[in-house]
Amino acid sequence: MPVRIIHVGLGGWGGNWARTAIPEVSEVEVVGIVDPVPATLEAVRTDLGLPTAAAFASLGEALAGVEADAVVITAPAVTHVPLALEALDAGKHVLVEKPFANTTAEAVTAVRRAEELGLVLQVSQNYRWYPAPRVVQDLLAEDAVGELSAISIDFRQWDNDADVATYPHYRFPHAMINDMAIHHFDLLRMVTGREAVRVYARATYPSYSKYQDEAVASMLIELEGGLVVSYRGSWLSRAPRTAWAGEWSIQGDEGELWFTSRSGEPNAVAGDRVTLRRTQDDEAEPVALRTLPHTDRQGGLQAFARSVTGGPAPETSGRDNLRSLALMEAATRSAASGQPEDVVVPS
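As the structure is a computational prediction, the values presented were derived from the model and not from experiment. (Residues numbered from 1 in each chain as written. Predicted model: local features only at pLDDT ≥ 70, side-chain atom pairs only at ≥ 80, totals over all residues. Heavy atoms only, no water.)

S.K.: So what about the overall build of the chain? Which residues, and what values?
M.R.: Across its full length, the chain holds nine helices and 15 strands. Relative to the 2.2 N^0.38 estimate, which gives 20 Å for 347 residues, the radius of gyration of the chain is 20 Å and therefore close to what a compact globule would have. Considered along the principal axes of its C-alpha atoms, the chain spans approximately 65 × 45 × 40 Å. A burial count over the chain gives 55% of its 347 residues as buried. Averaged over its 29 positive side-chain charges, the chain has a centre that lies 2 Å from the centre of its 46 negative ones. (Helix = DSSP H or I, 4+ residues; strand = E, 2+ residues; numbered from the N terminus. Rg over C-alpha atoms; globule rule 2.2 N^0.38 Å. Buried < 20%, exposed > 50% of the residue type's maximum accessible area, 1.4 Å probe, protein only. Lys, Arg positive; Asp, Glu negative; His and termini not counted. Charge placed at Lys NZ, Arg CZ, Asp CG, Glu CD.)

S.K.: Please set out unusual backbone geometry residue by residue, giving values where relevant.
M.R.: Omega for the peptide link from Lys-98 to Pro-99 comes to -15 degrees, which places this bond in the cis form. Its place among the elements puts Pro-99 in the loop between β5 (93-97) and α5 (104-117). Backbone geometry at Asp-143 places phi at a positive 55 degrees, although glycine is not the residue there. Note that Asp-143 resides in the loop between α6 (131-141) and β7 (148-156). Residue His-174 is not a glycine yet carries a positive backbone phi of 50 degrees.

S.K.: I'd like a rundown of the sheet that holds strand β2 (residues 28-34), residues and numbers included.
M.R.: If you walk across this open sheet you meet the six strands as β3-β2-β1-β4-β5-β6, and the pairing is parallel. If you trace the sheet from one side to the other, it starts and ends with β3 (55-56) and β6 (121-124), each paired once. One ladder, built from four bridges, connects β5 with β6; its direction is parallel. Residue pairing in the sheet places Val-96 in a bridge with Val-123 of β6. (Pairing = 2+ DSSP bridges.)

S.K.: Kindly report on the packing of aromatic side chains, identifying the contributing residues and their values.
M.R.: Summed over the entire model, instances satisfying the criterion amount to eight aromatic pairs. Ring centres of Phe-155 and Trp-244 lie 6.0 Å apart, and the angle between their planes is 35 degrees; this geometry places the pair in the tilted category. Pair noted here: Phe-155 is in strand β7 and Trp-244 is in the loop between β10 (228-234) and β11 (247-252), with a separation of 89 residues, a long-range link. Phe-155 sits in the buried class, given a relative accessible area of 1%. Taken together, the ring pairs in this structure connect Phe-155, Trp-235 and Trp-244 into an aromatic cluster. The ring centre of Trp-129 lies 4.3 Å from the NZ or CZ of Arg-134, which sits over that ring. In this structure, Arg-238 packs its charged tip against the face of Trp-158, placed 3.5 Å from the ring centre. (Phe/Tyr/Trp six-rings, centres within 6.5 Å; stacked < 30°, edge-to-face > 60°. Lys NZ or Arg CZ within 6 Å of the ring centre and 35° of its normal.)

This is the structure in structure tokens:
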């Protein structure tokens, strides 16, 4: 039987989840939808062909009105933990969009509650569910380029043309670090299998930026074992756009792995590429990529459904995601303090 879900938060990206992501995963069934904006709620209900009785203005109403196994939360980030706690206390498993929260102190309250109740709490780190990072993870586990000496990551997009009054991304708290770099931090942990120990971040604020917080950031991230990662990210770059997962160079004494992932629209895998170069004089050779049954959010949602029905614990559990969140939090602190900051993970 499919996992019965209540979907909370249908505006913007949440509406995209409702229309394009969730329907692709046969292991789940939407039994209720929730949004406080009547027009948004009705538009999604109509598009999904759900009965009026499946639409609710609040999670509390939905929990009382339908039988469900789990709650998927794609509401604004500030509501993630309060909604997750409400769902967990009602005995429901939870899948929540990233960022899990804006602080680890807030996130850990939900992690502890899920563990106390024996419920699945998963964070949607959708960039993990693409062919390129999966292959790179395997290659690094096999020491394909030997002892690692350096990693560099570049992310470049121009996102500064919209009207300030009507474009909420400009008001997202720390839009470069919390909204975008969190993806790259999580991928970094995934592909290397190493945790971050400290970070030094510098943010810049060009006069033409429409963002309330930093839209450009550079960082040095120290991983376990002393490996240093160079990161550059910008929402204000006129240089050629990177894919959303960025461009990565992973260097070792036996070669270089280069990869990029998640170009274009969600689920587009055609732009995923991995190359392996043995010496500076060699041509970079393409590495074959595997075909995944589901990519992007669908991959994570499928893994969530399988965890809920007795399968393995999700790799992006709330507990695991605290480490990605702690790196994000340390980077934000460093950008404000101008000093290196330790990555502190609450227990």
